[in-house]
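Reading the structure
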Amino acid sequence: MTDKDWQKSSFSSSSDNCVEVRTVDGLIEVRESDDGQLILHTVAATFADLLDAIKAGDLDQPA
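Predicted, not measured: the structure shown is a model, and the values here were computed from it. (Residues numbered from 1 in each chain as written. Predicted model: local features only at pLDDT ≥ 70, side-chain atom pairs only at ≥ 80, totals over all residues. Heavy atoms only, no water.)

1. Details of the pattern of salt bridges
Tallied over the full model, the rule gives 2 salt bridges. Ionic pairing is found between Glu20 and Arg31, a salt bridge with its closest N-O pair at 2.7 Å. With Glu20 in strand E2 (residues 19–24) and Arg31 in strand E3 (residues 27–32), this residue pair connects regions lying 11 residues apart in the sequence. Here Arg22 ties to Glu29 by a salt bridge, and the two come within 2.7 Å at their closest N and O atoms. (Salt bridge = Lys/Arg side-chain N within 4 Å of Asp/Glu carboxyl O. Helix = DSSP H or I, 4+ residues; strand = E, 2+ residues; numbered from the N terminus.)

Written out as structure tokens, the structure reads:
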């Protein structure tokens, strides 16, 4: 991933309903593809912790 280039998951369909990420000046930026004006800025370690929690199912809601 290079600066200024948004990237979405390969698991996303061809629609615009996905989360996109990019790096800018050493920060990780995250946005919803259908609302590109709202951007979350974070550091790599925090983003890695979020991904680990998602993969582990720690953020899953009970049915």
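Next, the rest of the story.
2. Examining unusual backbone geometry
Positive phi, close to 50 degrees, is recorded for Asp25, a residue that is not glycine. Assignment of secondary structure puts Asp25 in the loop between E2 and E3. Here Asp25 falls in the exposed class, since its relative accessible area comes to 69%. (Buried < 20%, exposed > 50% of the residue type's maximum accessible area, 1.4 Å probe, protein only.)

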